[in-house]
Amino acid sequence: TATLDEASVAGYGVTDAAMRLKFADRKLYIHELHARQGSGVLAATGTVPFDGGAMSAQFSSQGVAAGMLTKAFGSDLPVTGDIDLEMQFRGTVDNPIVDASLKITDGGVAGSSFDMLTGLFWLSDGKVRLNQLLVQKAVAEKIYTASAKGEVGVKTLLHGENWLDSNDPIDLHFMLDDA
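Residues numbered from 1 in each chain as written. Predicted model: local features only at pLDDT ≥ 70, side-chain atom pairs only at ≥ 80, totals over all residues. Heavy atoms only, no water.

Q: In this structure, what is going on with the overall build of the chain? I would like to understand it.
A: On a plain count of helices and strands, the chain comes out with two helices and eleven strands. Against the compact-globule benchmark of 16 Å for 179 residues, the chain has a radius of gyration of 17 Å, which places it among compact chains. C-alpha extents for the chain along the principal axes are approximately 55 × 35 × 25 Å. Relative to its full complement of 179 residues, the chain shows a buried share of 29%. Within the chain, residue pairs in contact and separated by at least 24 positions form 33% of the contacts whose partners lie at least 6 positions apart. Counting every atom, the chain has about 10,500 Å² of accessible surface; 55% of that belongs to carbon and sulfur. (Helix = DSSP H or I, 4+ residues; strand = E, 2+ residues; numbered from the N terminus. Rg over C-alpha atoms; globule rule 2.2 N^0.38 Å. Buried < 20%, exposed > 50% of the residue type's maximum accessible area, 1.4 Å probe, protein only. Contact = heavy atoms within 4.5 Å. Areas by Shrake-Rupley, 256 points an atom, 1.4 Å probe, with all protein chains shown as cover.)

Q: Sorry if this is basic, but what is going on with the pattern of salt bridges here?
A: Pairing between side chains becomes possible if they bear opposite charge and their charged atoms approach one another. Under the defined criterion, the tally for this structure stands at three salt bridges. In this structure, R129 engages E151 in a salt bridge whose closest nitrogen and oxygen atoms are separated by 3.1 Å. Here R129, found in strand β9 (residues 127-139), pairs with E151, found in strand β10 (residues 142-153); they are 22 residues apart in sequence, far enough to count as distant. Several salt bridges converge on common partners, so that one network encompasses K127, R129 and E151. (Salt bridge = Lys/Arg side-chain N within 4 Å of Asp/Glu carboxyl O.)

Q: Help me out: how do you make sense of the nonpolar core in this one?
A: Note that soluble globular proteins tend to have their nonpolar side chains buried in a common cluster. If you look at the biggest cluster of nonpolar residues, it comprises 30 residues, and the most contacted ones within it are F59, M68, L69, I83, L85, L102 and I104. Once you skip the residues sitting within four places of it in the chain, L85 turns out to touch F59, S60, S61, L69, F73, S101 and L102. (Core = buried A, V, L, I, M, F, W, Y, C linked by side-chain atoms within 4.5 Å.)

Q: Would you mind showing me how to read a nonpolar patch on the surface here?
A: The grouping of F23, F50 and V93 at the surface amounts to a nonpolar patch, some 290 Å² of accessible area in total. Here V93 is to be found in the loop between β6 (79-91) and β7 (96-109). (Patch = residues over 30% accessible without salt bridge, like charges linked within 9 Å, V, L, I, M, F, W, Y side chains within 5 Å.)

Q: Just to check I follow, could you spell out a negative patch on the surface for this structure?
A: Side chains of D82, D84, E86 and D106 sit close together on the surface and give a patch of like negative charge. Counting residues per element, the negative patch draws most heavily on β6, at three residues. (Lys, Arg positive; Asp, Glu negative; His and termini not counted. Charge placed at Lys NZ, Arg CZ, Asp CG, Glu CD.)

Q: What am I meant to see in the environment of D94 here?
A: Secondary-structure assignment places D94 in the loop between β6 and β7. Distance from D94 to H31, taken between C-alpha atoms, is 22 Å for residues 63 residues apart in sequence.

Q: Help me out: how do you make sense of the pairing of strand β3 (residues 27-37) in this one?
A: A regular strand carries its side chains on alternate faces of the sheet. With eight bridges joining them, strand β2 (residues 12-24) and β3 adopt antiparallel strand pairing. Note that in β3 the partner of M19 across the bridge is L33. Between the antiparallel neighbours β2 and β3 lie two residues, among them D25 with a positive phi of about 55°. Both β3 and strand β4 (residues 40-49) contribute to a ladder of nine bridges, which runs antiparallel. Each residue of the ladder has a partner; that of A35, found in β4, is L42. Adjacent in sequence and paired antiparallel, β3 and β4 are bridged by two residues, among which G38 carries a positive phi angle near 60°. (Pairing = 2+ DSSP bridges.)

Read these as spatial facts, not as claims about activity.
Pasting the structure below:
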């Protein structure tokens, strides 16, 4: 059990952090974990076995800096905006299965900006399957929308600007709506 008035995660300040964790029998029990980042909050709970057993964990953020989460998850891709993210973890530590939904408002990726990005995705077997990814940008009172669906390897995503250095296959379909 611990509380922190101020800390840093991936270079971003967090406050009012509280955690109640237990590590026993090669399992991490997250009884409580929550913190504030700016005006946003993040929280986690669940069990993460390091003995090959099945995970059952959840992570949630509302209004947190998107760049903090991308850096914390190991990506050097520059992302801006506020993110709402829900993640459910299953599978094992060595082969996780993650169901997730996200929404980023007033954001950007690698210098491009958008008003809103929403997505539903699933991670399994080292691949991210995009069920739906929508990006919206308003210009002169017209809303432009682009969407994507398909599959991309996790290694490709984690390479950031050097994504071509990865040999993971990419199978993505892009659509421009009202563009």
